[in-house]
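Take a look at the letters that make up each chain.
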Amino acid sequence: MRNIIIAGNWKMHKTQSEALEFLQGFLHEIDETPDHREIVLCVPFTALPVLSKNLHGSRIKIGAQNIHWEDSGAYTGEISGTMLSEFGTRYTVVGHSERRQYFGETDETVNLRLKAAQQHNLMPILCVGETKEQRDAGETENIIKGQLEKDLVDVDQSRLVIAYEPIWAIGTGETCESGEANRVIGMIRSQLKNADVPIQYGGSVKPGNIDEIMAQPEIDGALVGGASLASSDFARIVNYQPF
Ligand code: 13P
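Numbering of residues starts from 1 in each chain and follows the order in which that chain's sequence is written. Confidence filtering applies because this is a predicted model: local features only for residues at pLDDT of at least 70, side-chain atom pairs given and counted only at 80 or more, and all residues used for totals across whole chains, interfaces and linings. As a rule here, side-chain values cover all heavy atoms of the structure and leave hydrogens and water aside.

Considerations on the pattern of salt bridges
Salt bridge, as used here, is a side-chain nitrogen of Lys or Arg placed within 4 Å of a carboxyl oxygen of Asp or Glu. With the rule as written, the count across this model stands at 18 salt bridges. Taking the shortest distance from any N to any O, the salt bridge between Asp-220 and Arg-2 comes out at 2.9 Å. On the criterion of sequence distance, the pair formed by Asp-220 in the loop between α9 (210–214) and β8 (221–224) and Arg-2 in the segment before β1 (4–9) is long-range, its members being 218 residues apart. The closest approach of N and O atoms between Asp-211 and Arg-236, which form a salt bridge, is 2.6 Å. One end of the pair, Asp-211, is in helix α9; the other, Arg-236, is in helix α10 (residues 231–238), with 25 residues separating them in the sequence. Note on classification: 1.4 Å probe, protein chains only; a residue is buried when its accessible area is under 20% of the maximum for its type, exposed when over 50%, partly exposed between these limits. Note on Asp-211: relative accessible area 15%, which makes it buried. Take Arg-236: its relative accessible area is 29%, and that puts it in the partly exposed class. Secondary structure elements are defined from DSSP: runs of H or I of at least 4 residues count as helices, runs of E of at least 2 residues count as strands, and each element is numbered from the N terminus.

Details of the packing of aromatic side chains
In this scheme Phe, Tyr and Trp rings, the latter by its six-membered ring, pair at centre separations within 6.5 Å, and the angle between planes marks the pair as stacked below 30 degrees, edge-to-face above 60, and tilted otherwise. For the coordinates displayed, the defined rule picks out 5 aromatic pairs. Plain terms: the ring middles of Phe-26 and Phe-234 are 5.3 Å apart, the flat faces sit at 25° to each other, and that makes the pair stacked. With Phe-26 in helix α1 (residues 16–26) and Phe-234 in helix α10, this pair connects stretches of sequence that are 208 residues apart. Phe-26 gets classed as buried once you look at its relative accessible area, which sits at 0%. Classification of Phe-234 as buried rests on a relative accessible area of 0%.

Digging into the environment of Glu-105
Secondary-structure assignment places Glu-105 in the loop between α4 (97–102) and α5 (107–119). Considered as a pair, Glu-105 and Val-94 are 11 residues apart in the sequence and their alpha carbons are 9.8 Å apart. If we skip the residues at most four places from it in the chain, Glu-105 touches Asn-66, Arg-99, Arg-100, Val-110 and Arg-113. Polar contact is the term for a pair of N or O atoms within 3.5 Å; when the atoms are in protein, one must be able to donate a hydrogen and the other to accept it, and sequence-neighboring residues count only if both atoms are side-chain atoms. Engagement of the side chain of Glu-105 in a polar contact is seen with the side chain of Arg-99, the distance being 3.2 Å. Among the polar contacts listed, one links the side chain of Glu-105 to the side chain of Arg-113, at a separation of 3.1 Å. Two residues qualify as a contact provided that any one of their heavy atoms is within 4.5 Å of a heavy atom in the partner residue.

Set out below in C-alpha cells:
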C-alpha cells in the first residue's frame, strides 16, 4: 500500500510566535488521526527551531521548503541539507512552481536539489505542474513528462514524493476537478520506474474539498498552502473522511 502524506506548505508565512500558536492549536486535533497518514509541516527556515523544540515525541514530521545541493559555500541566501538536518528536518519541498517562476529555478537545479535532499536523508517532495496557458494549449502531459524526465535523472525513486500542482489552481480557489487530478496523477505514475511513489495533489485544497480529493484512487495525499495556515482548517484536512 502506498503511504498517505498530507503536508502543509506555509510558504513565507508565520513568525516563530505564530508558529508556536499554530502548534498549540493543532497538536490537540490530531489525536484521532489514523496512524498511516503522515503529517508534515514545511515551514520557513526561521520556524524550524520552534518545531524542533516543540514536536519531540509528536507524529508531525518537520519539513523545509528548499535545499541547496552543496553542504556549504558562497551561496548567499541558500540553505544546505546539513543545516536543515540539525533541526530534525525530514522532508523538503523541491521545485515548487513559485521557485521556478520567481527565482529562476530550472529542471537542472531541481535535479541537483533532489539528489542533495536524498543524500541528507531528507524526503524530497518534487512539485510538477502546468500553467493555464499550457493546459489550454493541450500541453499538460508533455510539460509534466518533460519536467519528470529532467528532474528525476539519477534520483532514487524509492525515497521520493511527488506533488502534482497545476499552477492555475495554486492560491486561486480554483481547484483542479478531482477526477482530472486523478487522471494526471495516474499519467505521472505511468512515467515512473517505481509505481509506489506517493503522489500528492496541491492547489486550493480546503476543508471542503479534501474528502473528494482523497477519494480518488491515484491520489496519495495533499500539499496544502493557504489552508495549512489555520490550525483548525489543516486539522480538518488531515482528518479527512474517506467516502
Ligand atoms: P494553495 O493551497 O494556497 O493553493 O497552495 C498550494 C501550494 O502551492 C502548496 O505547495
